[in-house]
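Structural characterization, general
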Amino acid sequence: MSDIFTEVDEGLRQEKLGSLWKKWRPFVYGGVAALIIGVAVNEFVLKPQAEANRQARALALETGIRALDEANYAEAEAAFTKIMEDDDRLAPLAAHLLAQVKYEGSGDGDAAAEILASVGGTEGGPYERLALLKSAYYKADALTLTELEATLGSLADDESMLGALSRELLAAKAYQEGDFARARTEYNRLKFDAFAPQGMARRADIALAVIPQAPDTGADAPAETTEAQPAEAAPAEPQETRP
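1. Some points on the nonpolar core
- Counting residues in hydrophobic clusters, the biggest one holds 25 residues, and the most contacted among them are Leu148, Leu152, Leu155, Leu169, Leu170, Tyr187 and Leu190.
- The leading source of residues in this core is helix H7 (residues 161–176), at six residues.
- Among residues more than four places away in sequence, those in contact with Leu148 are Ala136, Ala140, Leu143, Leu169, Leu170 and Lys173.
- In this structure, Ala67, Leu68, Ala99 and Val119 belong to the second largest nonpolar core, which totals 18 residues.

2. Considerations on the pattern of salt bridges
- A complete count under the given rule lists nine salt bridges for this structure.
- With a closest N to O distance of 3.0 Å, Arg182 and Glu186 form a salt bridge. Taken together, the positions of Arg182 and Glu186, both in helix H8 (residues 180–191) and four residues apart, correspond to about one turn of that helix.
- On the basis of relative accessibility, which here comes to 22%, the residue Arg182 falls in the partly exposed class.
- Its salt-bridge partner being Lys191, residue Asp205 comes within 3.3 Å of it at the nearest N-O pair. Of this pair, Asp205 sits in helix H9 (residues 198–210) while Lys191 sits in helix H8; the two residues are 14 residues apart in sequence, bridging distant segments of the chain.
- Assessed through its relative accessible area of 40%, Asp205 is described here as partly exposed.

3. Topic: the packing of helix H3 (residues 91–106) against helix H5 (residues 126–139)
- In the contact formed by H3 and H5, the axes pass within 9 Å of each other and the chain directions differ by 25°. Regarding the angle of H3 to H5, the classification is roughly parallel. Helix-helix and strand crossings are classified by hand; for H3 and H5 the assignment is left-handed. Packed against H3, whose contacting residues are Pro92, Leu93, His96 and Tyr103, the element H5 presents Tyr127, Glu128, Leu130, Ala131, Lys134 and Tyr138 at the interface.

What counts, and at which threshold
Residues numbered from 1 in each chain as written. Predicted model: local features only at pLDDT ≥ 70, side-chain atom pairs only at ≥ 80, totals over all residues. Heavy atoms only, no water. Core = buried A, V, L, I, M, F, W, Y, C linked by side-chain atoms within 4.5 Å. Buried < 20%, exposed > 50% of the residue type's maximum accessible area, 1.4 Å probe, protein only. Helix = DSSP H or I, 4+ residues; strand = E, 2+ residues; numbered from the N terminus. Contact = heavy atoms within 4.5 Å. Salt bridge = Lys/Arg side-chain N within 4 Å of Asp/Glu carboxyl O. Axes fitted to C-alpha atoms, helices over the stretch in contact; angles between N-to-C directions. Parallel < 35°, antiparallel > 145°, perpendicular 65-115°, else oblique. Left-handed = near helix turned anticlockwise from the far one by under 90°.

If you want it as structure tokens, here you go:
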């Protein structure tokens, strides 16, 4: 008897599974079809399109660099601007080249600085961090020391060559503003900075030889004294004599 009950239970399970399959079969087929279509679109449409776009941007970059070398600034600007508008991974590199076009082609340092600032940042990659430093160099003359420090942000504390270049820029700005104590402090740090190239260390030595020492304003400085000069005697009036 137990075998009969087992067969009945098995039949009921199969019937239930069959009804469930009939109910959900269209959705399963639809999901499988969507998966197959998605894989096909990715393999035969998206990948070739992405590869074509990548090749087009690489060609545009090559065209722009060649035009820049030939001083064809209009063509170079169009090529680099197109790459930046596409917001591609090549955009930071294109920004550096476009800034060069603006500066070399028309001497527009302000435009070059704005282009670099648009992609620069302390949290980005090497091109973004270098763009921030270069934009600060372009704008340094128009900024105060405080504004320049705010522009560079944490880059001035970075333990790298870019950080050393940032600190050298701040030292030069301090000297320009007459803050000789700050300038000497920064240049002395650069002399022993492990990330400062030899040329930078030599420039620091030259600057320290030129920048005057801060005046001693301590209490031990000798007070300037002057000796009292005796007053000159007034000339005696001549005595009137009678004949």
